[in-house]
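Fold and contact review
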Amino acid sequence: MKEYIIRLVYVEMLGHDASFGYIHAVKMIHDDSLLVKRTGYLAVTLFLNEDHDLIILIVNTIQKDLKSDNYLVVCAALNAVCKLINEETIPAVLPQIVELLAHPKEAVRKKAIMALHRFYQKSPSSVSHLVSNFRKRLCDNDPGVMGATLCPLFDLITNDVNSYKDLVISFVSILKQVAERRLPKAYDYHQMPAPFIQIKLLKILALLGSSDKQASENMYTVVGDIFRKCDSSSNIGNAVLYECICCVSSIYPNHKLLVSAADAISRFLKSDSHNLKYMGIDALGRLIKISPEIAEQHQLAVIDCLEDPDDTLKRKTFELLYKMTKSTNVEVIVDRMIDYMNSINDNHYKTEIASRCVELAEQFAPSNQWFIQTMNKVFEHAGDLVNIKVAHNLMRLIAEGFGEDDDTADSQLRSSAVESYLHILGEPKLPSVFLQVICWVLGEYGTADGKYSASYITGKLCDVAEAYSNDETVKAYAVTALMKIYAFEIAAGRKVDMLPECHSLMEEFLASHSTDLQQRAYELQAVIGLDAHAVESILPSDASCEDIEVDKALSFLNDYIQESIEKGAQPYIPESERTGMLNISNFRNQDHHEASSHGLRFEAYELPKQTVQARIPPASLASTELVPVPEAMYPRESYQTTTVPSVSSDAASTELKLRLDGVQKRWGRQTHFPSTSTSNSTSLKTVNGITQVDGSNTANSRTRETYDSRKQVEISPEKQKLAASLFGGPSKTEKKSATGHKSSKPSSHMVKSHAPKSSMEVASEKTSVQQPPDLLDFGEPTVRSTAPSLDPFKDLEGLLEPTTQVSSAVNHSSTAAVTKSPDIMGLYTETTAGAHHKDSDILSGLSKPPMTNMVGGTTTMQVAQSSKGPNLKDSLEKDALVRQIGVTPSSQNPNLFKDILG
Amino acid sequence: MIHFVLLISRQGKVRLTKWYSAYSQKERTKVIRELSGLILTRGPKLCNFVEWRGLRVVYKRYASLYFCMCIDEDDNELEILEIIHHYVEVLDRYFGSVCELDLIYNFHKAYFILDELLIAGELQEPSKRTVARLVAAQDSLVETAKEQTSSITNIIAQAAK
């Protein structure tokens, strides 16, 4: 029998139906012999799932076996418990399993814990009173049991962090013991001390420490220890390292740990193994939330991964890009995503990436035009995989504009949308959702700007309805659009003559099987028959954003009801009080529901989603059901003409919020890195970013060379371009924040170093005076105009020659800045001089002297740039000067110092 | 948590399946078909993770067998890779240089070992020695049981004479 059952298991595994033998497996677990029983349990766990009918036959045996004095029997039963016990049968075995927590054999204790964990997953309430047991098991003598206890605790902590904060200390001490190899040798795995337990603990600590400074502080040392002890040559070591990075990125940020995490990530990314690259990209995505600047170090590695043949790696990289999208790089990223979306045919992932594209486009779209184009692309390629809500959002967006009170921009947006849609309609085979959007927009705004005649648009709409004749929804949208266009025409006082194909289409629809289509067609006919005034009140032009007041209580019917009651009609009985006629009323209710939702949705003239919600209050329907509603109900609907600006202002506020976020981050980061060394390092990176951005800048080429040679020798220009476009954005914004650091830096240094020269002090004072406009300037969202801001540099190139004279003169004057020259320009140089001087003061603290020079250079550049006055020539001169100063130091020429310092 | 464990041969034949989340028989065959199509076609140098229906599948090839485990998105893939390796090491120790044939003929034993290693989709025992000891204990009990039954039948047979 045993052999047969094993064969049956095999048969089942191969995918054939073996249900005829299930009952024999159930019988087998009743057997006395452990051998047979064990096989029976194995077969049962493989055959049945928790809601199978035979489970009820097993519960009794399990109960008996849990009491067995042979621990192996208990183990076998516990294995089955984990798989087979469902929510209803938990109470039957729970008390016994709790008893088993104190079993002398650790294997039994462990399995009992896991069983309780399973119960918790199935129904959290059933084991909620056992939390103290889990805590007790954490101190179990056997590491295996302790490790197993971490699983349920992890789940418990995920759901409720706060009530387990007291365990932080114990978790940390356990982790410490593990890391110090206090556990038995048997738990070592590839020379790592109990890595699986370490990983589990790190996961728990990450949960406990997230946004909790106090708890996090307890963890810093031990996590740092693990970072040091992990050997990155073995796979398991890397697994622990990765978990450490996750933990560091989740807990309250600690600078030292972040640095080691960044180190580990760069090791991952540089490795040849695809697995490690994958983990590196993933870890980067996690860390980027805390310290965005680390992405820049790895930009080339990221781009390599993006172009990797490995699909998994590519997807992960897209996930990373999704996380680091900003308004500056959104175009590049979304374009890439759409390209990739076209190249795959896995529907699941296609849906996901499409929704991401939409989300990014909605959040960061640089222009309306671009947004519409992007949405078109997404719809065209991802088609019906796109959520219908996205289509509704798009319609709403076109209807409401982008929240700015700029009517011309909105109408421009609309006409561009109309134009692009008319163009797209020429293509064969469009997805249904997209067609719905197109129809709606054409109906609403097709004739709004007078560019296209009504007959042209209606012709197109008829074509759509004919071409997609098996898609009812699209046809319905098309008919509604037709009606709107005709209504607008009538309202404008023009004579309407229906196209012949439109006539035939209407005739077809009037006889359609779909009641919805029929209704719409009849309504169209009715509207065309009305005079201009009536039509305008039914379908006012461009009113899709206006709210419609729905009188849910149907108070306008009160008179009528009163009248009927006086005439002897039955008063309305609420549905709950009716018993006998419940069935009928339900049926009729539904009927009404359907009809009314169609009819109302139609005239509602709003986004379908909203109206449907608003229009089916059951109470009102119930009342309509008893009282015959007169036809007049529909014209009597009052349109509330006051537009409620809440939605648009909402959009504006989200935009505002987005920007604020960036600002907050900037300041937040500053608080995280109070040490000056950090600000130095960030500014170094910034220099790097700048050189990356203005590639054509010859004056800076030397700086760039030094950097590039330091970084990587062979980089294809194409990749570099991509990198610049992807990371240029971040680096730009970085630049802003970094400038904040820089401009504040000199003053802080000054104060620290207590410069003996009074002039220096003055200089520092003046720098700080100069700061406010600087910061203000950067507060403005000037990010978008990247290209123009670079152009002046190019222009300057030509001007450089003649202005050197001037600048050198200015240089001299600044050399004499000890005498406090009132010249502003002198002031700038002076600042640099000060910066240089001070930099050389702290040279010992910094390892790379030329770089600090450059920092000084860029500082002035930034300052000069930001304070470009109204006088163009003046500013040009300044730039030239800045250029000179900015370049010369990078040649590592000490003469400059002599020049400036006299 | 681990949703299922699959062992597939290079030809796409299933060698072992263990489901920790509920999948109907129909879904199971579909999953196996989809995954074997996805995994067996991947090149040798690519990474050992595959995204699949919002989940991750971690796989590793040992000789002609692919060991696959399906996990949640936020799990540690490298750790799962090591759990696979851990399982293989335990199998290796148990069978003594394990090969595909061992698993075909003794697949129930492979299941027993897996049950000692993973329970309800979580790793329950990180120590190889403990697993080996437990499995051995069960086996020895089976052995004694066998001896007993044979001796009893012998006694009965003798008595019958």
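Criteria and thresholds
- Residues numbered from 1 in each chain as written.
- Chains lettered and ligands numbered in written order.
- Predicted model: local features only at pLDDT ≥ 70, side-chain atom pairs only at ≥ 80, totals over all residues.
- Heavy atoms only, no water.
- Patch = residues over 30% accessible without salt bridge, like charges linked within 9 Å, V, L, I, M, F, W, Y side chains within 5 Å.
- Areas by Shrake-Rupley, 256 points an atom, 1.4 Å probe, with all protein chains shown as cover.
- Salt bridge = Lys/Arg side-chain N within 4 Å of Asp/Glu carboxyl O.
- Helix = DSSP H or I, 4+ residues; strand = E, 2+ residues; numbered from the N terminus.
- Contact = heavy atoms within 4.5 Å.
- Buried area = accessible area lost by both parts, 1.4 Å probe.
- Polar contact = N/O pair within 3.5 Å; in protein donor to acceptor, adjacent residues only side chain to side chain.
- Nonpolar A, V, L, I, M, F, W, Y, C, P; charged D, E, K, R; others polar.
- pLDDT = per-residue confidence, 0-100.
- Buried < 20%, exposed > 50% of the residue type's maximum accessible area, 1.4 Å probe, protein only.
- Pairing = 2+ DSSP bridges.
- Phe/Tyr/Trp six-rings, centres within 6.5 Å; stacked < 30°, edge-to-face > 60°.
- Lys NZ or Arg CZ within 6 Å of the ring centre and 35° of its normal.

A cluster of nonpolar residues, A:Ile23, A:Ile56 and A:Leu57, forms a patch on the protein surface that exposes about 270 Å² of accessible area. Note on placement: A:Ile56 falls in helix α4 (residues 55-66).

At the interface, 59 residues of chain B touch 59 residues of chain A. The largest share of the area that chain B buries against chain A comes from B:Glu51, B:Leu78 and B:Glu82, three residues that together contribute 12% of it. Joining chain B to chain A, the criterion identifies seven salt bridges. Linking B:Glu79 and A:Lys203 is a salt bridge whose minimum nitrogen-to-oxygen distance equals 3.9 Å. Counting across the interface, chain B meets chain A through 16 residue pairs in polar contact (both at pLDDT 80 or more). Only β2 (14-19), α1 (25-39), β3 (49-52), α2 (77-95), α4 (107-117), β7 (122-123) and α5 (128-160) of chain B provide two or more residues apiece to the side of chain B that touches chain A. Considering each element in turn, the side of chain B that touches chain A owes the most residues, eleven residues, to α5(B). Considered class by class, the residues forming the side of chain B that touches chain A number 24 nonpolar, 13 polar and 22 charged.

So, on to the confidence of the model for chain A. Detailed reading of the predicted model is not advised wherever pLDDT is low. Residue and element names in this part refer to chain A. Taken over all residues, the pLDDT of chain A has a mean of 68, while the share at 70 or more is 59%. Low pLDDT, under 50, characterises residues 729-793; the stretch is placed with 84 contacts to residues that sit more than four places away or in other chains. Predicted confidence is poor over residues 886-902, with pLDDT under 50, and the contacts of this stretch with residues over four places away or in other chains come to 24 contacts.

Residue and element names in this part refer to chain B. A large share of strand β5 (residues 65-71) lies buried, amounting to seven of its seven residues. The two faces of β5 match: Leu65, Phe67, Met69 and Ile71 on one face and Tyr66, Cys68 and Cys70 on the other face are all buried. As paired elements, strand β1 (residues 2-9) and β5 share seven bridges and run antiparallel to each other. Residue pairing across strands places Ile2 opposite Ile71, the latter belonging to β5. In this sheet, β5 lies alongside strand β4 (residues 55-62) in antiparallel orientation, the contact comprising seven bridges. Opposite Tyr62, over in β5, you have Leu65 as the bridge partner. The hairpin formed by β4 and β5 contains two residues between the paired strands, and Ala63 there has a positive phi angle of roughly 50°.

Bringing the packing of aromatic side chains into the picture now. Applying the stated criterion to the full structure yields 14 aromatic pairs over all chains. Each ring, one from B:Tyr94 and one from B:Phe95, has its centre 5.1 Å from the other, and the planes form 85°; the classification is edge-to-face. On the basis of relative accessibility, which here comes to 29%, the residue B:Tyr94 falls in the partly exposed class. Looking at B:Phe95, the relative accessible area reads 19%, which means it is buried. In textbook terms, an aromatic cluster arises when at least three aromatic residues are bridged by ring pairs, as seen for B:Phe4, B:Trp19, B:Tyr23 and B:Trp52. Sitting above the plane of the B:Phe112 ring, A:Arg38 keeps its charged end 3.8 Å from the centroid. Geometry around A:Phe154 places A:Lys200 over its ring, the cationic atom sitting 5.2 Å from the centre.

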